[in-house]
Amino acid sequence: MRGWTIIVLLFLGISLPSSGDNAIDGLITESLVRVGQMQQILLPVPEDMLQEAWFLMGSYIIPLDSVTEGCRNHSSFLFESFLKREMWALKMVDAAGKPGAGILDGNIMFLGNYDECLSVSAPGGLFRGQQCIVETSGLLSPDAVSSFTPNMGVLAYTRNDVMFSVCVPDSCTAQDVKIHLDVALNSINVTAIMYDSSCSSATSPPLNPADYLVILVLLTIVVLVTLSTCYDNLTSKSEQNDLLVSFSVTSNTSQLLSTSDSPDSLPCLHGLRVLAMVWIIAGHRFMHEILVPDVNGVYIIEHLDRLAWIPYQSIGKTVEIFFLLSGTLAAYNFFRDRLKGKRFHYLSFCCHRYRRLTPTVLLVSIFYATLLIRVADGPIWKRMFSMYQENCQENWWINLLYISNYVVPYSTCMPWTWYVAVDFQLHVLSPLLLLVIYKKRALGFFLAGIVLLASNSYAMTYFSWNGLSTGGMVKRNLPLESFTIQYTQTHFRLNTFIIGLCFGYLLYRIKQKEFKVKLSKTQLLTGWVVAALLFLGTLFSMTIFDDPEYVQTPWLDTTYPCLEQAVGSPSCHLGHLRLHNREVGV
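Cut-offs applied
- Residues numbered from 1 in each chain as written.
- Predicted model: local features only at pLDDT ≥ 70, side-chain atom pairs only at ≥ 80, totals over all residues.
- Heavy atoms only, no water.
- Disulfide = S-S within 2.5 Å.
- Helix = DSSP H or I, 4+ residues; strand = E, 2+ residues; numbered from the N terminus.
- Buried < 20%, exposed > 50% of the residue type's maximum accessible area, 1.4 Å probe, protein only.
- Polar contact = N/O pair within 3.5 Å; in protein donor to acceptor, adjacent residues only side chain to side chain.
- Contact = heavy atoms within 4.5 Å.
- Salt bridge = Lys/Arg side-chain N within 4 Å of Asp/Glu carboxyl O.
- Phe/Tyr/Trp six-rings, centres within 6.5 Å; stacked < 30°, edge-to-face > 60°.
- Lys NZ or Arg CZ within 6 Å of the ring centre and 35° of its normal.

Draft legend 1. Expanded view of the state of the cysteines. Under the counting rule described, the total for this entry stands at four disulfides. With its sulfur 1.9 Å from that of its partner, Cys71 forms a disulfide with Cys172. Taking the torsion about the S-S bond as the criterion, the Cys71 to Cys172 disulfide, at about 90°, is right-handed. Taken together, the residues Cys71 in helix H4 (residues 69-83) and Cys172 in the loop between strand S3 (163-169) and helix H8 (174-185) connect sequence positions 101 residues apart. Overall, the relative accessible area of 0% leaves Cys71 in the buried class. Each disulfide pairs two cysteine sulfurs, and for Cys117 the partner residue is Cys167, the sulfurs being separated by 2.1 Å.

Next up, the structure:
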C-alpha cells in the first residue's frame, strides 16, 4: 500500500509558487498555499520527507518506465515540470484518481477528474492530457462486493477490485501505462489490467470508410423523411400514394400518438404494457446504479433482501410479462386471421415477422459498430462501449439471423437483443402449436401441456446440475455463465410464451362471444384480489432467497423459478382477463 499512501499525501498539499499568468491559476495557487499551511498543522512532518513523498508520487503516477520513446520523453518532461511545481503539470497529477473515503464500504473506483485531464496542454503544444483507467487485481476486494460483481463480457467494465485513473501524455499507449504501473505495483504483488480502450484523449480518431458509409445511410434517411413529409403536406389526402408518405413525419407521428382502437384490438393489455415498461426501465436503472462506480457498494449488497428493493431486483419477471404479451398477441392475431378467412402460409408468416424487425435491428447494429462510440464521452465510456462496438463489428450478421442467444451469448452485438432473438424464435415456432389447436383443440392443448412439462423438467434439471440459486437479478456467488444461458435461451422461455398462447386463444373466444362468462361485481373484485395476491406473493417471496443468511436448498432453488412462472404469469393475465370481460360486457 506504499504507493497509495504516497498518493494520499497529495490531498494535504504543499506550498506552491504560482506559475500561471491568469486569475484562475493564481486563485488555485493561493488555495494550495493555504492548504499547505493547514498541512503544517494536520501533518507536521519534516520538509525533506514531504519532498521525498512528492518525488515518489510523481514517479508512481507518471509512466517513466514506458517502452514507447515518445511517451518516455514526454513523461520525463512532465515529471520534471511536476517537481518544479508548474501549474499544467500539477493539474495532470491532480486529475488522477485517488483513494477517497469509504473504501471498506465498497468505494473502490476512483475515476479522477476526466475534464481536467483532457483540458491540459503542455507548453508549446508538445502533448495533451490523456486519461487512462487502470483496473487492478490483487489490491483490495471487500468481501461483500467481490461475492457478486459480474465478470463476463457485457459487464466486464465493472470491477470487484480497485479501479483508478492516471493522467498521462497522449503520446502514451495503454501498454506503456500498464508496463510502468506493473513495475510500480510489483512491490505489493498487484497487477494492472489495461486494454487499448482504457485510455481516452480529446483527439478523436479519424473517420474510416465504414463510418462514412453509415453517415451516407443516415443522410439518405433524412432526405427521404424530408421529401416524404413535404409530399404529405403539399398533396391532398385523396391523391397521396401510400409508399410516398411512408416516411412522412406528419403521418407517422399522427399514427404513433393516436389513441383510437379498432374493434379487433385488445385495450385491456395496454395497462400491462405500461406497467411492464415502467418496471423494466426502473429496474435497469437500479442495476446500472450498482454496477458503475458507486460509493456504497457494500451497503447495497447487504440490503438486497429489503422489501422496498424487491421490484428492482425482480426485473426478470418484467421480461416474462413481455413474453406473455407476445404469446397472447401471436395466438389472438392467428385465430382472428383464420376467422377472416385468410389462408395460413408459414413462409409468409416468418417473412412478415422478419421484415418488421430487421430494418431497425440492422440500422442500430451498424450505428453501434461505427459512429455511436463518438457521440458520448467520459472516463469509462470508451472502455465500456468499445466492447459493444467490437461485438457489433464481428457479429452483426448473427443478429440478423436472430440466433445470437445460442451462437454468441456472451458477445452479442447489443446485448439486449437476446430478447429480440428469443421472441423471433418463439414466433417462428408458435404456428406448430397454433395450427394443432385450430384443427383439434383438445390435442393442441394436450401438446401445450407436454411442452410446458418438458420445459419445466429441463429447467429444473439444469438448475440442479449447475447448482444455480434463485433470487433477484443481483445475486451473491453467482455462476454467470450458467445464468446467461438460462436467461437468454429460448427453451427456458417456453413456459411463459405458451401460457400466453393459451390466454390469447381464450381472449379470442371471449372477443367472439364464443365463450361467455357472466361475473358479478363481487366476482370481479374477488378475481382482482386473487390475481394481485398471487402476483405479489410471487414477487416478494424472493426475499427468502436474497436473505444473506439463506442457505441454498437444492430442491427449493430448483422448483421456485418454474413455480414463479407458472403462478406469476397467469396472475398477470387473470386480472386483465377480468377487465376484458367487463369491457365486452360478458
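Draft legend 2. Focus on the side chain of Ser228. Looking at the element boundaries, Ser228 is found in helix H9 (residues 209-234). For Ser228, a relative accessible area of 4% translates into the label buried. Of the polar contacts made by the side chain of Ser228, one reaches the backbone nitrogen of Phe247; its length is 3.2 Å. Among residues more than four places away in sequence, those in contact with Ser228 are Leu244, Val245, Ser246, Phe247 and Ser248.

Draft legend 3. The pattern of salt bridges, seen in detail. Under the defined criterion, the tally for this structure stands at seven salt bridges. Between Arg493 and Glu320 there is a salt bridge; the shortest N-O distance is 2.7 Å. With Arg493 in the loop between helix H20 (480-488) and helix H21 (494-511) and Glu320 in helix H14 (residues 315-339), this residue pair connects regions lying 173 residues apart in the sequence. Classification of Glu320 by relative accessible area gives buried; the value is 12%. A salt bridge links Asp423 to Arg353, with the nearest nitrogen and oxygen atoms 2.5 Å apart. Of the two residues, Asp423 is situated in helix H18 (residues 418-439) and Arg353 in helix H15 (residues 346-369); the sequence distance between them amounts to 70 residues.

Draft legend 4. Local environment of the packing of aromatic side chains. For the structure on display, the rule yields 28 aromatic pairs. Positioned above the aromatic ring of Phe334, the side-chain terminus of Arg338 is 4.8 Å from the ring centre. Directly above the ring of Tyr487 sits Arg493, whose terminal nitrogen or CZ lies 4.6 Å from the centroid.

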